[in-house]
Structures are given as C-alpha cells and as structure tokens.
Amino acid sequence: MRTYFVGFMKTPDAAHFAFVGPDLKGGLLGDGNGIAVRKGDTATLAKVNAALAAIRADGTYDRITAKYFPFKLM
C-alpha cells in the first residue's frame, strides 16, 4: 500500500519531491491497517468491528475508499 498517494504528494507543491529507495513493508506491527482500542476494552472493540463489518457489507466502505484512495486499504 502506498499511502503517499494521498495528501501532500497529490498537490502541486509535491512536484519537486520524489520517493527513493525500496518500499518498506511489514515493520514492527506487520502489514495492514490498524485502529487503536484501549487494551481490555472489549465493548469498544466489538462496536468498532461491528461497524467495520456493516460498512463493508453494504458497500459504504468501498465507496468511501474509492473517493479518497487509488488503491484498496483492506
């Protein structure tokens, strides 16, 4: 995933900037995305997971990400 496609790198101000070197993958927490939830807060975690499942099931997630990102986030 190349998150630099959004934000600054899509503006005219970025015309004189470039990424060099290899893409970094993995890292401390591995590949993917994350949402921070207080450790042990299972109620909030369940709500976040339910909300994500609902917006993915009804297509809302795909519509939102297509509007802002030229790639799939999940």
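Before any of the text, the structure's been laid out above.
Thresholds applied
Residues numbered from 1 in each chain as written. Predicted model: local features only at pLDDT ≥ 70, side-chain atom pairs only at ≥ 80, totals over all residues. Heavy atoms only, no water. Helix = DSSP H or I, 4+ residues; strand = E, 2+ residues; numbered from the N terminus. Buried < 20%, exposed > 50% of the residue type's maximum accessible area, 1.4 Å probe, protein only. Areas by Shrake-Rupley, 256 points an atom, 1.4 Å probe, with all protein chains shown as cover. Expected span 1.5 Å × (residues − 1). Salt bridge = Lys/Arg side-chain N within 4 Å of Asp/Glu carboxyl O.

Some remarks on the overall build of the protein
Right, on to step 1. In terms of regular secondary structure, the protein is built from two helices and zero strands.
Right, on to step 2. Residue burial in the protein is summarised as follows: out of 74 residues, 7% are buried.
Right, on to step 3. Surface summary for the protein: the accessible area is close to 6400 Å², and the carbon and sulfur share equals 62%.

Description of helix α1 (residues 42–57)
Right, on to step 1. If you check α1, its first and last C-alpha atoms are 22 Å apart, about what 16 residues at 1.5 Å a residue would give, namely 22 Å.
Right, on to step 2. At the exit of α1 stands Gly 59, carrying a positive phi of roughly 90°.

Digging into the pattern of salt bridges
Right, on to step 1. Inspection of the entire model under this criterion finds one salt bridge.
Right, on to step 2. One salt bridge in this structure joins Arg 38 and Asp 41, with 4.0 Å as the shortest N-O distance.

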